[in-house]
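Structural description and commentary
Letter by letter, the chains look like this.
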Amino acid sequence: MKFLSPKIKHFLVLLAKIIIVAGAFYFIYNQLVHNEQLNWSDFKKIVVEKQSFWPIFILLVLTFLNRFMEILKWQNLIQLVRKISVWESTQQVLSAITVAIFTPNGIGEYAGKALYYDKKDSGKVVFLNLICNGIQMILSITIGFLGLLYLNAHYKIIGWTKVLIIVGVISLLITIISFTKKITIKGYSFQLLLNKINEIPKAIHQKNIFLAICRYLCFSHQYIILYRMFDVDTPYLLLMSAITSVYLLSSSLPTFQVFDFAVKGSVAVFMLGILGINEWIVIFISTMIWLLNIVIPVSIGSIFVFKYKPQWKS
């Protein structure tokens, strides 16, 4: 962009900001208005009649902590590039979420965060964001798989022979990766990735894992509270295993964040339907989680997108 005048650069940046923010709110509005499964009058009735104010308060606290854990994770990892405050981390995380709402599986988040750093550090910023998201994915897969096994033990969703085949395939893939990790493709290899990961101090890794576990507990218990508000009395471990299974299965599907509730809702209808939970309740709660964890952060992140000032550094 060196051949463009400063005025044109600022105009293009402003135009990009308007497109991102307007597009984000259009998609959100469109999904809320045309979602026939949402019945806010019934939800209001539940809140007022049962006086569920304490559960709602706890739900809001967990919503805040869910995103705050992510902010602390980013602050912890990005110190390898430069030290930033919690406030700076908040701006970068929420801005990146807003940008990512248009992209499949939130890959726009990587570019959103990289914009806050010099171009020479872009590769490292993207790598650290990969570590930040990677630990969350590993937790979702591990805990989700255990939840799926627990659920299968009670309802026999698939035969144990198939479970053993799945475990065998996973073990085979891990073995293949371990034997081929030194194979280089265009200068990159799995071994190189492992070396880069090992270069990060253990203290940073440990904090990253701890915060990731805390975040997982926060957003999974958002579901628990909402289902209890709707008088779902399924035993805790069974309900939690179904919730973790939903996250495992839905995370393997390509999707846009703006449609996240639809994907998770569809998977949840199947998994929680096994427990005999009403389909309307499942879809409504999936949408509520989307509102709390995506819509609210994107709304705040939109402010930071408008406040963003390019550094124009090479």
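Nothing here was measured: the structure is a model prediction, and the numbers come from that model.

Some remarks on the overall build of the chain
- Per the secondary structure count, the chain includes twelve helices and zero strands.
- Sequence-ordered secondary structure for the chain, helices as α and strands as β, is α-α-α-α-α-α-α-α-α-α-α-α.
- Working note: accessible area of the chain is about 17,300 Å², and carbon and sulfur atoms make up 70% of it.

A look at the nonpolar core
- Core analysis: the largest hydrophobic core is formed by 63 residues, its most contacted members being W74, Y227, L239, L272, I277 and I285.
- Among the elements of the structure, α3 (53-78), α4 (86-100), α6 (122-155), α9 (202-229), α10 (236-251), α11 (260-273) and α12 (279-307) are those that each provide at least two residues to this core.

Quick look at unusual backbone geometry
- In this structure, D231 is a non-glycine residue whose phi angle is positive, near 60°.
- Summarising the element assignment, D231 is placed in the loop between α9 and α10.
- Taking the relative accessible area as the measure of exposure, D231 reaches 54% and is therefore exposed.

Comments concerning the packing of aromatic side chains
- Across all of its chains, the model carries nine aromatic pairs by this definition.
- Each ring, one from W87 and one from F304, has its centre 5.4 Å from the other, and the planes form 80°; the classification is edge-to-face. Here the residue W87 occupies a position in helix α4, and F304 occupies one in helix α12, the gap between them amounting to 217 residues.
- Both rings, one in F230 and one in W280, keep their centres 5.7 Å apart while their planes meet at 70°; by these two values the pair is edge-to-face.

A word on a nonpolar patch on the surface
- Side chains of I165, V169, L172, L173 and I176 sit close together on the surface and give an oily, nonpolar patch of about 460 Å² of accessible area.
- When you line up the elements, L172 lands in helix α7 (residues 160-180).
- Owing to a relative accessible area of 52%, L172 belongs among the exposed residues under this scheme.

Considerations on the packing of α3 against α12
- Packing of α3 against α12 leaves a shortest axis separation of 10 Å and a crossing angle of 60°. Helix-helix and strand crossings are classified by hand; for α3 and α12 the assignment is right-handed. Contacts between α3 and α12 involve L59, L60, T63, N66 and R67 from the first element and L292, N293, I294 and P297 from the second.
- Grouping the amino acids of the contact of α3 with α12 by side-chain chemistry returns five nonpolar, three polar and one charged.

Considerations on the confidence of the model for the chain
- Predicted confidence across the chain gives a mean pLDDT of 79, with 70% of residues reaching 70 or more.
- Looking across the chain, the model is least confident in helix α1 (residues 6-33), with a mean pLDDT of 59, and most confident in α9, with 94.

Regarding the pattern of salt bridges
- Taken as a whole and judged by the stated rule, the model has four salt bridges.
- Residues E70 and K73 are paired through a salt bridge, measuring 3.4 Å at the closest nitrogen-oxygen approach. Remark: K73 and E70 occur in helix α3; sequence separation between them is three residues, near one turn of the helix.
- You can call K73 buried: its relative accessible area is 0%.
- Between K120 and D121 there is a salt bridge; the shortest N-O distance is 3.4 Å.
- With relative accessibility at 64%, the residue K120 sits in the exposed group.
- Through salt bridges with shared partners, a single network forms among E70, K73 and R215.

Considerations on α12
- End to end, α12 covers 41 Å across 29 residues, agreeing with the expected 42 Å (1.5 Å per residue, within 8%).
- Most of α12 is tucked away, with 21 of its 29 residues classed as buried.
- Sitting at the head of α12, N278 places a side-chain oxygen 2.7 Å from the backbone nitrogen of W280.

Regarding the packing of α3 against α6
- At a minimum axis separation of 10 Å, α3 and α6 run at an interaxial angle of 135°. Judged by the inter-axis angle, α3 sits oblique to α6. The interaxial crossing formed by α3 with α6 has right-handed handedness. Between α3, through E70, K73, W74, L77 and I78, and α6, the contact on the second element is made entirely by V125, L128, N129, I131, C132, N133, I135 and Q136.
- In terms of residue class, the contact of α3 with α6 is built from eight nonpolar, three polar and two charged.

Observations concerning the environment of I58
- Tracing the backbone shows I58 in helix α3.
- Residue class for I58 comes out partly exposed when judged on its relative accessible area of 41%.
- Counting along the chain gives 164 residues from I58 to Q222, while the straight-line C-alpha distance between them is 8.6 Å.

Observations concerning the environment of N208
- Structurally, N208 is set in helix α9.
- C-alpha separation for the pair N208 and C132, spaced 76 residues apart in sequence, amounts to 7.2 Å.

Rules used throughout
- Residues numbered from 1 in each chain as written.
- Predicted model: local features only at pLDDT ≥ 70, side-chain atom pairs only at ≥ 80, totals over all residues.
- Heavy atoms only, no water.
- Helix = DSSP H or I, 4+ residues; strand = E, 2+ residues; numbered from the N terminus.
- Areas by Shrake-Rupley, 256 points an atom, 1.4 Å probe, with all protein chains shown as cover.
- Core = buried A, V, L, I, M, F, W, Y, C linked by side-chain atoms within 4.5 Å.
- Buried < 20%, exposed > 50% of the residue type's maximum accessible area, 1.4 Å probe, protein only.
- Phe/Tyr/Trp six-rings, centres within 6.5 Å; stacked < 30°, edge-to-face > 60°.
- Patch = residues over 30% accessible without salt bridge, like charges linked within 9 Å, V, L, I, M, F, W, Y side chains within 5 Å.
- Salt bridge = Lys/Arg side-chain N within 4 Å of Asp/Glu carboxyl O.
- Axes fitted to C-alpha atoms, helices over the stretch in contact; angles between N-to-C directions.
- Left-handed = near helix turned anticlockwise from the far one by under 90°.
- Contact = heavy atoms within 4.5 Å.
- Nonpolar A, V, L, I, M, F, W, Y, C, P; charged D, E, K, R; others polar.
- pLDDT = per-residue confidence, 0-100.
- Expected span 1.5 Å × (residues − 1).
- Polar contact = N/O pair within 3.5 Å; in protein donor to acceptor, adjacent residues only side chain to side chain.
- Parallel < 35°, antiparallel > 145°, perpendicular 65-115°, else oblique.

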